[in-house]
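Residue-level structure breakdown
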Amino acid sequence: MLDFYAVDRLLTAEQRAIRDTVREFVDAEIIPQVRGWWDRHEFPAAIKGRYGALGLFGANLPEEYGCAGVDSIAYGLINYELERGDSGLRSFASVQGALVMYPIYAYGSEEQRRRYLPELAAGRLIGCFGLTESDGGSDPGAMRARARRDGDGWVLNGAKMWITNSPLADIAVVWAKDDEGIVRGFIVPTDTPGFSAPIIESKMSLRASCTGEIVLQDCRVGPEAILPEAKGLKSPLGCLTQARYGISWGALGALEAVYSCARDYATTRTTFGKPIAGRQLVQDKLVRMLTDHSLGLLMAHQLGTLKDAKKMTFAQVSMAKRNNVRVALNGARAAREILGGNGITTEYPVIRHMLNLETVDTYEGTHDIHTMIVGREITGVGALE
Amino acid sequence: MRILVCVKQVPDPNTVEYQIDPDTKRLVRDGVTNVLDPGAEVALEAALQLAEVDGDSTVTVVAMGPEDAEDALRRALAMGATDGALITDDGLAGSDALGTAKALAATIKELGFDIIFCATESTDGYTGMVPGMVAELLGIPHLSFVRSLEVRDGVLTGQRVVALGYQTVQCPLPLLVAIASGSHEPRYPALKGIMAAKRKKVEEYNLADLGLAAGDAGESGARERVLELRAVEERQAGTIVEDDGTGAAQIAALLRQRGVI
Ligand SMILES: Cc1cc2nc3c(=O)[nH]c(=O)nc-3n(C[C@H](O)[C@H](O)[C@H](O)COP(=O)(O)OP(=O)(O)OC[C@H]3O[C@@H](n4cnc5c(N)ncnc54)[C@H](O)[C@@H]3O)c2cc1C
Ligand SMILES: Cc1cc2nc3c(=O)[nH]c(=O)nc-3n(C[C@H](O)[C@H](O)[C@H](O)COP(=O)(O)OP(=O)(O)OC[C@H]3O[C@@H](n4cnc5c(N)ncnc54)[C@H](O)[C@@H]3O)c2cc1C
């Protein structure tokens, strides 16, 4: 792991072992193939079994539900290593763990936990998370999806947009407003009549991840579908806090990938009789990238320590997501520059990471939305609403 | 079945440039990243697969080394071994292959076993002698270069890699097998395995526990002496023949000159 500030010394033997095992897996099974998947706009479906066998789905949830029960720093390191491979393949695990398994764990009934979590952990079931709609993803409270009471069950109507995994999912955690206008969460099997999930084609980002819509047309679910403890917008936002935490680690993995590539390239590429690494302008870019990586890693590590101590605030998560993704994106752009023309082909990992990070900068709360979350926190005056 | 696997901790061959201390003529092991020998992982994989088929088996991993060799054992436990034994004692430092084998054999006797797995050779010391010595000290058969195996009714049937192909052999338990390198693809330790490993038991043994005296193992007991270590001479650059139409004749002349043709 790229580790200029010896964060490794802060890790436990177990955290290191977990990082190393995921790192080996990513080096052996993702990095050699990801370019092909990305170029073909293909999600490698077989990887779900591999993630399941390794225990990468919902790894921070308790063992009694078939999960590994790792601490928050180990969980962060898993995200870091996966995203060093590809942001899309990290997203696959994040959605399943933080946005599908976490809400079932946090807001579900014991019966729902026992029924779904072990299957999701093993990768035998795949889930997706439907919150965003086509207009104004930044303002999920304005959602139009509705859940109408119908006997002892519910009838769902609405349309969700930009939903990771939806075309291949077995279950969807869908958010909709009930008759009183309160946001509720539902576990909807994707073979329920009235449920469809058209795929979104031609993405130029997260091409190794599958993204789709969710269309709900008089989709009737039984009383067992509702997440009993999820009431109000704070429930889906609670899931996002989990996912954003993972992203704040993950983005640094992508930064390691582009930094390492750029440094290696710069030391071997020669112009005017000397490696370009020996030029001040190039060193400036590399040093900025490495400094950003070091600061980001220290922030992520401290955030993990706070999370396990139950002291992490959502504004801290916003700051880490906002910063770490943006520095990774800027680093990828700088790396792209260092690689010159070679920087624009997928023969090198740089432009793939750069384009992926455009999504990561936007989803889970855009960069600017997080600016306003932190801004409100420090000034007491909201700029968002 | 009671399955034992001898696993060694070695400087990470993927990240560490092996260096020899000119005074002691030993491999430098301090200040480098040490890992479970990748060869031992292959032997462990073979053992775990056998245990999975058998169902009613335990897999105990045994390592001799400094205190931190426990990390290698933890990795083996994370891969799925049941428990571990660590043989560690200042008096064991500097053991030669025979000393290592004596310490391993004494521990193995304490533990009891039906079958012992080793790798064919370690990635660092590379003598390939320890497995045969352990088998001899325990008075049991030693099957070398084993690439696949099964056990039925207390009898092992396995394939050995030999010069001409594969030899199928049979042998009743108890016995020791040395697994051929590359014959099994070691699994990654799954996250649950890593979490479970910290709760698994690792028993420590020292010289006294094993009833060994200082002269049996360690530096003082080592009868092998490394006299000299030399780097491999770098090869001379070859001759490049540029083909100006007479290339074939030039090459033929060169080969004739060296007596090849
Ligand atoms: C590949 C991909 C996968 C995704 N996966 C999922 C998923 O699995 N589940 C899910 O629910 N969603 C998912 N999303 C949706 C994602 O979370 C949204 O795209 C994101 O929240 C932004 O919403 P939007 O695209 O509608 O942009 P908008 O909200 O329309 O924002 C557009 C621009 O306006 C700015 N803006 C918005 N409001 C303000 C304001 N008040 N002040 C200043 N500026 C503002 C934003 O910062 C942004 O720059 C995914 C998106 C992508 C691209
Ligand atoms: C004077 C002298 C001093 C030495 N000092 C040291 C020293 O301080 N530290 C050191 O590591 N080596 C030392 N060596 C080298 C030592 O002989 C070998 O490392 C050791 O005896 C094992 O031999 P090998 O590695 O060649 O094993 P091989 O015979 O090549 O190993 C084959 C297999 O045997 C098993 N095995 C071997 N060693 C162990 C072990 N330690 N624990 C568990 N299983 C094992 C494994 O399954 C292994 O894959 C010294 C050698 C000499 C001659």
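Presented here is an overview of the structure given in this document. (Residues numbered from 1 in each chain as written. Chains lettered and ligands numbered in written order. Predicted model: local features only at pLDDT ≥ 70, side-chain atom pairs only at ≥ 80, totals over all residues. Heavy atoms only, no water.)

The secondary structure content of chain B amounts to 7 helices and 11 strands. Overall size of chain B, expressed as C-alpha extent along the three principal axes, is 70 × 45 × 40 Å. Here chain B holds 261 residues, and the buried ones make up 43% of them. Across chain B, every contact between residues at least 6 apart in sequence was considered, and the portion connecting residues at least 24 apart equals 70%. Per element, the accessible surface of chain B, about 14,400 Å² overall, is 49% carbon and sulfur. The positive charge centre, built from 24 side chains, and the negative charge centre, built from 39, are 3 Å apart in chain B. (Helix = DSSP H or I, 4+ residues; strand = E, 2+ residues; numbered from the N terminus. Buried < 20%, exposed > 50% of the residue type's maximum accessible area, 1.4 Å probe, protein only. Contact = heavy atoms within 4.5 Å. Areas by Shrake-Rupley, 256 points an atom, 1.4 Å probe, with all protein chains shown as cover. Lys, Arg positive; Asp, Glu negative; His and termini not counted. Charge placed at Lys NZ, Arg CZ, Asp CG, Glu CD.)

Here we come to the interface of chain A and chain B. At the interface, 22 residues of chain A touch 10 residues of chain B. Contact between chain A and chain B buries roughly 1,300 Å² in total, counting both sides, with carbon and sulfur atoms accounting for 60%. Contact with chain B buries area across many residues of chain A, yet Glu14, Thr21 and Leu54 of chain A alone supply 36% of it, more than any other trio. Here chain A is connected to chain B by 3 salt bridges. Ionic pairing is found between arginine 199 of chain B and glutamate 63 of chain A, a salt bridge with its closest N-O pair at 3.0 Å. Remark: the boundary between chain A and chain B carries 7 residue pairs in polar contact (both at pLDDT 80 or more). Elements with a contribution of two residues or more to the side of chain A that touches chain B: α1 (13-39) and α2 (47-54) of chain A. Considering each element in turn, the side of chain A that touches chain B owes the most residues, 9 residues, to α1 of chain A. A class-by-class count of the residues in the side of chain A that touches chain B yields 13 nonpolar, 4 polar and 5 charged. (Buried area = accessible area lost by both parts, 1.4 Å probe. Salt bridge = Lys/Arg side-chain N within 4 Å of Asp/Glu carboxyl O. Polar contact = N/O pair within 3.5 Å; in protein donor to acceptor, adjacent residues only side chain to side chain. Nonpolar A, V, L, I, M, F, W, Y, C, P; charged D, E, K, R; others polar.)

Residues and elements named next belong to chain B. Most of strand β1 (residues 2-6) is tucked away, with 4 of its 5 residues classed as buried. For β1 and strand β4 (residues 58-64), the ladder comprises 5 bridges, and the chain directions are parallel. Across the sheet, leucine 4 pairs through a bridge with threonine 60, a residue of β4. (Pairing = 2+ DSSP bridges.)

Residue and element names in this part refer to chain B. Spatial ordering of the open sheet is given by β9-β8-β7-β10-β6-β1-β4-β5-β11, a layout of 9 strands whose pairing is mixed. Two strands close off the open sheet at either side, each with one partner strand: β9 (165-172) and β11 (202-205). Direction aside, the axes of adjacent strands within the sheet are offset by 30 degrees on average. Judged from the 6 bridges that link them, strand β7 (residues 142-152) and strand β8 (residues 155-162) form a sheet pairing that is antiparallel. (Axes fitted to C-alpha atoms, helices over the stretch in contact; angles between N-to-C directions.)

Before going further, it helps to spend a moment on the packing of aromatic side chains. The tally for this structure, following the rule as stated, stands at 13 aromatic pairs over all chains. With a centroid separation of 4.7 Å and 55 degrees between ring planes, the pair formed by phenylalanine 43 of chain A and phenylalanine 92 of chain A is classed as tilted. Linking phenylalanine 43 of chain A in the loop between α1 and α2 with phenylalanine 92 of chain A in helix α4 (residues 87-107), this pair joins segments that are 49 residues apart in sequence. By the burial criterion, phenylalanine 43 of chain A is buried, and phenylalanine 92 of chain A matches it. Ring geometry for tyrosine 75 of chain A against tyrosine 245 of chain A: centres 6.5 Å apart, planes inclined by 15 degrees, an arrangement best described as stacked. In this pair, tyrosine 75 of chain A sits in helix α3 (residues 72-85) while tyrosine 245 of chain A sits in helix α6 (residues 234-268), placing the two residues 170 residues apart along the sequence. Considered together, tyrosine 75 of chain A and tyrosine 245 of chain A belong to a single accessibility category, that of buried residues. Among the aromatic side chains, those forming a connected cluster through ring pairs are Phe25, Phe43, Tyr51, Phe57 and Phe92 of chain A together with Tyr188 of chain B. The ring of tyrosine 245 of chain A has lysine 307 of chain A sitting right over it, with the charged end atom 5.2 Å from the ring centre. In this arrangement the basic side chain of arginine 147 of chain B is found over the ring face of tyrosine 166 of chain B, its NZ or CZ atom lying 3.7 Å from the centre. (Phe/Tyr/Trp six-rings, centres within 6.5 Å; stacked < 30°, edge-to-face > 60°. Lys NZ or Arg CZ within 6 Å of the ring centre and 35° of its normal.)

Residue and element names in this part refer to chain B. What surrounds ligand 2 is a group of 28 residues, the closest being Cys6, Lys8, Thr100, Ser122 and Thr127. Here a nitrogen atom of ligand 2 sits 3.0 Å away from a polar atom, N or O, in the main chain of methionine 64. With respect to ligand 2, the side chain of threonine 100 contributes an N or O atom lying 2.7 Å from an oxygen atom. In isolation ligand 2 exposes 920 Å². Once the protein is present, 89% of that is buried. For the shell around ligand 2, the elements supplying multiple residues, two or more each, are β4, α3 (97-111), β6 (115-119) and α4 (130-138). Residues belonging to the shell around ligand 2 are distributed by class as follows: 13 nonpolar, 8 polar and 7 charged. (Near = heavy atom within 4 Å.)

Attention now goes to unusual backbone geometry. Residue and element names in this part refer to chain B. Cis geometry marks the peptide bond from leucine 173 to proline 174, where omega comes out at 0 degrees. Tracing the sequence through the fold places proline 174 in the loop between β9 and β10 (175-179). For phenylalanine 145, which is not glycine, the phi torsion reads 50 degrees and is therefore positive. You can see phenylalanine 145 is positioned in strand β7.

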